[in-house]
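The residues making up each chain are set out below.
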Amino acid sequence: MKKSTTILSILQSVLTQEEVESVVKEVGYEDKARKFTVHQLLQYWCTAAYEEWPSYRTGADRASLSGLSEVHYSRFSSKASEVPFAVFKELLHLLIRKCNRETRRKLLSRRNCCSSTPPR
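Residues numbered from 1 in each chain as written. Predicted model: local features only at pLDDT ≥ 70, side-chain atom pairs only at ≥ 80, totals over all residues. Heavy atoms only, no water.

(A) Broad picture of the environment of Glu82. Here Glu82 lies in helix α5 (residues 73-82). Taking C-alpha positions, Glu82 is 9.8 Å from Asp31, a pair spaced 51 residues apart along the chain. Not counting residues within four places of it along the chain, the set of residues in contact with Glu82 comprises Tyr29 and Arg75. A polar contact is formed between the side chain of Glu82 and the side chain of Tyr29, at a distance of 3.0 Å. (Helix = DSSP H or I, 4+ residues; strand = E, 2+ residues; numbered from the N terminus. Contact = heavy atoms within 4.5 Å. Polar contact = N/O pair within 3.5 Å; in protein donor to acceptor, adjacent residues only side chain to side chain.)

What follows is the structure in structure tokens.
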């Protein structure tokens, strides 16, 4: 199993596409793209951070190996520059609010049931 599969599945279970779209509208940004949305950009950035991609170009090349849709690096970088910082700030706040004790327990139990090593 690829290590990036876990981070994407956790991200998708905690922040749904509808919630991301709601935050985008709340901030006042209009996402006109159909092929590469803010939700996909968030997935790219999480995967890039997790796998330590050195650049947009390398990320575009490695995206399909990580379970992401293929996109040209110039589209990736231009989308990253056009989406306001406030969108991702609000998404972070939403993620923190959602990660209450119950969510952390679910994630911990999922990790423990899926790993071969016993919990500490």
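That covers the picture; the talk isn't over yet.
(B) Expanded view of the side chain of Gln43. Locating Gln43 in the fold gives a position in helix α3 (residues 38-51). In this structure, Gln43 is in contact with Leu8, Leu11, Gln12 and Leu68, ignoring residues within four places of it in sequence.

(C) Broad picture of the packing of aromatic side chains. According to the stated counting rule, one finds 5 aromatic pairs in the structure shown. Taking the centre distance of 6.0 Å and the plane angle of 80 degrees together, the rings of Phe36 and Phe76 count as edge-to-face. Highlighted residues: Phe36 in the loop between α2 (17-27) and α3 and Phe76 in helix α5, separated in sequence by 40 residues. Take Phe36 and Phe76: they sit in the same class, and that class is buried. Among the aromatic residues, those joined into a ring-pair cluster are Phe36, Tyr44, Trp53 and Phe76. (Phe/Tyr/Trp six-rings, centres within 6.5 Å; stacked < 30°, edge-to-face > 60°. Buried < 20%, exposed > 50% of the residue type's maximum accessible area, 1.4 Å probe, protein only.)

(D) Main features of the nonpolar core. Ranked by size, the top nonpolar core spans 24 residues in total, and within it Val38, Tyr44, Val87, Phe88 and Leu91 carry the most contacts. Contributions of two or more residues to this core are made by α1 (3-14), α2, α3, α5 and α6 (85-98). Of the residues forming this core, the biggest block, 5 residues, is contributed by α3. Beyond its immediate sequence surroundings of up to four residues, Val87 is in contact with Val23, Val24, Val27, Tyr29 and Val38. (Core = buried A, V, L, I, M, F, W, Y, C linked by side-chain atoms within 4.5 Å.)

(E) View of α3. Spanning 14 residues, α3 covers 20 Å between terminal C-alpha atoms, matching the ideal 20 Å at 1.5 Å per step. With 10 of its 14 residues buried, α3 lies for the most part within the structure. (Expected span 1.5 Å × (residues − 1).)

(F) Region of interest: the environment of Leu95. Its location among the elements puts Leu95 in helix α6. Between the alpha carbons of Leu95 and Val14 there is a distance of 7.2 Å; along the sequence they are 81 residues apart. Not counting residues within four places of it along the chain, the set of residues in contact with Leu95 comprises Val14 and Leu15.

(G) Spatial organisation of the pattern of salt bridges. Per the counting criterion, the structure on display carries 4 salt bridges. For Glu19, the salt bridge is made with Lys98, and the minimal N-O distance between the two is 2.7 Å. Of the two residues, Glu19 is situated in helix α2 and Lys98 in helix α6; the sequence distance between them amounts to 79 residues. Note on Glu19: relative accessible area 23%, which makes it partly exposed. (Salt bridge = Lys/Arg side-chain N within 4 Å of Asp/Glu carboxyl O.)

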